[in-house]
Amino acid sequence: MDNTLQQKNTKLIWTLIAVVIGMFAFATLIMPPLYDAFCDWTGLNGKVELKSAAAPEVKSDNPYLVSTETAEAQAALDETAPAIAAREVRVQFIAKADRSIPWDFKPVNNSINVVPGKASNIQFEVTNLTKTGMTGRAVPSVTPAQATPYLRKMECFCFQEQHLEAGQTKLMPLQFYFTEELPEDIKEVTLSYTLYNMEKKNGSTN
Amino acid sequence: MAHHANPTGFKRWLLTTNHKEIGSMYLLFSLAMFFVGGFMAMVIRAELMYPGLQLVQPDFFNQMTTTHGLIMVFGAVMPSFVGLANWMIPLMIGAPDMALPRLNNWSFWLLPVAFGILIFAIIKSFLGLGAAPNFGWTFYAPLSTSYGPPSTDFFILSVHIMGISSIMGAVNVIVTIINMRAPGMTMMKMPLFVWTWLITAFLLIAVIPVLAGAVTMMLFDRHFGTSFFDAAGGGDPVMFQHIFWFFGHPEVYIMILPAFGIISTIIPTFARKPLFGYASMVYATASIAFLSFIVWAHHMFTVGLPLQGNLFFMYMTMLISVPTGVKVFNWIATMWRGAMTFEVPMLFSIAFVVLFTIGGLSGLMLAITPADQQYHDTYFVVAHFHYVLVTGAIFSVYAAAYYWLPKWTGNMFHTGLAKFHFWASLISVNVLFFPMHFVGLGSMPRRIPDYPLQFADMNFWISIGGFAFGLSQIIFLVVLYKCVKGGEKATSEVWENPEGLEWTIPSPAPLHTFEVPPTVK
Ligand code: HEM
Ligand SMILES: [Cu+2]
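This is a predicted model, so every value here is computed, not measured.

Undergrad: In this structure, what is going on with the coordination of the iron atom of ligand 1? I would like to understand it.
TA: Note on metal sites: the ideal angle is 109.5 degrees for four tetrahedral donors, and 90 or 180 degrees for six octahedral donors. Residues and elements named next belong to chain B. When only protein atoms are considered, the iron atom of ligand 1 has one donor, H384 (NE2), at a distance of 2.1 Å. Between the iron atom of ligand 1 and the copper ion (ligand 2) the interatomic distance amounts to 4.6 Å. Residue position: H384 is located in helix α13 (residues 379-409).

Structure, rendered in structure tokens:
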């Protein structure tokens, strides 16, 4: 083989190897954080970070919860104020414990009807079925995802770790409302919570 | 070039760097894998012949569908095209060998290792020593992470090894085509098989690393405490599907672009007309390759993507059928008013055009999001991809084998037997796969060992078709054996005025060819 061909080959091979390494890095190192960022940005993962954490309508210690101080929240909480929206949305609740955590976890009501703009409270009951104390955390999800930007949570157990002693039962509150801008074609929303064990696994891609 | 004393026997094959010998080994290996994977298909069809569980347990059934898919995709279809590339690309571009002969040897010998590991896992399972991979060839998380059997680690190792082999093969093809063409062979004079393989090789370079990334992340989730795909640690199993199909859809084109090249080579020979629309074929291939990167989520219409996402992927997928349609049009236009004869390679090619198009049409049905939400994970999808892969990719490999076999062996094959192979395959393959459309539309799920009674009659006939198709492939072994052993001597042209440099050398092709490059006008 003459020299120039050998040189041309070597150069091309290294270019191709660079592409291979680049694509591998893309899949393993770039794609997962990009995917998370994309889900956060679009709210597809059921959590919407509400504007900047410093905005007045956001609770200072948790960017996923709204402050109860705003006019919108006040109106939602005020039971005497008439609702503007003359429609009801059915909200269903699903609670499920991951196989990593042998707890019993269920909503007290399976579904309720809510009026957009008005706040509702519901509770979830959780029991530690094991003989040891354990810590778990629930991860929320909203279906259809299009409803996510209109969901406002004022209180949710899902943003804190929950510690339960052996055999202990606990009621966990959720307080939320949908803003009145919730699109008309959404007539049913499912809020689902999956409980995960926080004891052994703390590794995370986030 | 000085030659060392050539080793003989097994060592000759172990150490060879000759593109023809490596090509033959690839082809024979893929044929062997075709029969191994085919045997698993026979187990699947035997179980599904009647409703209820007769032959195997559900878990073993899942291991059969998983390894059948993996072996057919990575062990039969892909290596057969690499084998053809090894044999034919140097001959078609007037090069003495592949550019990187030693790498070539290595990339072949990795394959028996990779598939040895997979087959070992199945044998182990058969002996009752722990389940083989059972999560489908798509190995979705969490089935393959939290719920995968211990043998999943064999699977991961095996996929890594076959991936390295594919990447090395692709690098070799690209370097050969870019740097080793005979003087005068410009890009737009290259035979289409060379063109389609060049584009395929680029697809391989781009997406096999993504597959390697997916199995690497799986490995880390399984053993090193990460949570790429595990919601418990903040990961997401849906991300697995995005990554897998970002590899997976280009992968299905990796399995069909070389077939397009083969068909575009064979039809002009037997229609006795130059290929209609050479340049448009090249551009169509390139645009299919490009589009194949932005349609992956048509495999994920039911995971709950936002409406805009579903719409985007639906339109992009439908767009792919435009360049595909251009190709089908060009093949038909090539045959139009040609002086056609129906030698065996041509029979397989015509069957390819018709049956691949049926697969393309069912693909188009699946591309429509609301329709796919009904068809997804039913036998309709199974029918779709077997039409494009069996009557598409595999028929094209048969067409290629019959077309070039006289060049490889120096002997004509037994035409009567070969025609028998063709007709038996053609009829049985349709009995096998056509009714799958109907049971699929009737919503029979894929990958299940048992089914409701209303699907019983259809499944009986599907199984009969399956056994017939399996048996028909044994005829090919006979044809191959007879052709290697002897038969009517082939001329160097073999067919009537075929086009291409490979027909300017004697039959059988001597071990070393084009040591002095030919001049292409
Ligand atoms: C006109 C061209 C094509 C279109 C529009 C198309 C469309 C689709 C769609 C939408 C699906 C997903 C179905 C579902 O899971 O619900 C699918 C599945 C599939 N297609 Fe195609 N396809 C085309 C061509 C091909 C070709 C050429 C091949 C391979 C040679 C192929 C191989 C496959 C495979 C293997 C699957 C199933 C993957 C799995 O879930 O196991 N398709 N196709
Ligand atoms: Cu696809």
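Undergrad: Please explain the coordination of the copper ion (ligand 2) as it appears in this structure.
TA: Residue and element names in this part refer to chain B. Within the protein, the copper ion (ligand 2) binds to H249 (ND1), H298 (NE2) and H299 (NE2); these donor distances fall in the range 1.8 to 2.1 Å. Along the chain, the residues donating to the copper ion (ligand 2) are arranged with the sequence spacing H-x48-H-H. You can call H249 buried: its relative accessible area is 6%. For H298, a relative accessible area of 13% corresponds to the buried category.

Undergrad: Help me out: how do you make sense of the site of ligand 1 in this one?
TA: Residues and elements named next belong to chain B. Taken together, 23 residues sit near ligand 1, with W137, D372, H376, H384 and R446 positioned nearest. For ligand 1, an oxygen atom lies 2.9 Å from a polar atom in the side chain of W137. Taking H376, its side chain carries an N or O atom lying 2.7 Å from an oxygen atom of ligand 1. Those elements giving two or more residues to the shell around ligand 1 turn out to be α7 (237-254), α11 (344-367) and α13. Here the shell around ligand 1 gets 6 residues from one element, more than from any other, and that element is α11. Among the residues forming the shell around ligand 1, the class breakdown is 13 nonpolar, 8 polar and 2 charged.

Undergrad: Is there a simple way to explain the domain arrangement of chain A in this structure?
TA: Frequently, the measure chosen for interface size is the accessible area that the parts lose on association. What the domain assignment reports for chain A is domain 1 (10-47) and domain 2 (89-205). When each unit is reduced to the centre of its C-alpha atoms, the spacing between domain 1 of chain A and domain 2 of chain A is 32 Å.

Undergrad: I keep staring at the interface of chain A and chain B and nothing clicks. Help me out?
TA: The interface is formed by 27 residues belonging to chain A together with 39 residues belonging to chain B. Summing both partners gives a buried area of about 2800 Å² for chain A against chain B, and 71% of it is carried by carbon and sulfur. The interface formed by chain A and chain B includes 0 salt bridges. Seen at the junction of chain A and chain B, the total is 4 residue pairs in polar contact (both at pLDDT 80 or more). By residue number, the principal contributor to the side of chain A that touches chain B is helix α1 (residues 3-42) of chain A, which donates 16 residues. The residue makeup of the side of chain A that touches chain B, split by class, is 17 nonpolar, 7 polar and 3 charged.

Cut-offs applied
Residues numbered from 1 in each chain as written. Chains lettered and ligands numbered in written order. Predicted model: local features only at pLDDT ≥ 70, side-chain atom pairs only at ≥ 80, totals over all residues. Heavy atoms only, no water. Donors = N, O, S within 2.8 Å, 3.2 Å for Na, K, Ca; no water. Helix = DSSP H or I, 4+ residues; strand = E, 2+ residues; numbered from the N terminus. Buried < 20%, exposed > 50% of the residue type's maximum accessible area, 1.4 Å probe, protein only. Near = heavy atom within 4 Å. Polar contact = N/O pair within 3.5 Å; in protein donor to acceptor, adjacent residues only side chain to side chain. Nonpolar A, V, L, I, M, F, W, Y, C, P; charged D, E, K, R; others polar. Domains from an automatic or database assignment. Contact = heavy atoms within 4.5 Å. Buried area = accessible area lost by both parts, 1.4 Å probe. Salt bridge = Lys/Arg side-chain N within 4 Å of Asp/Glu carboxyl O.

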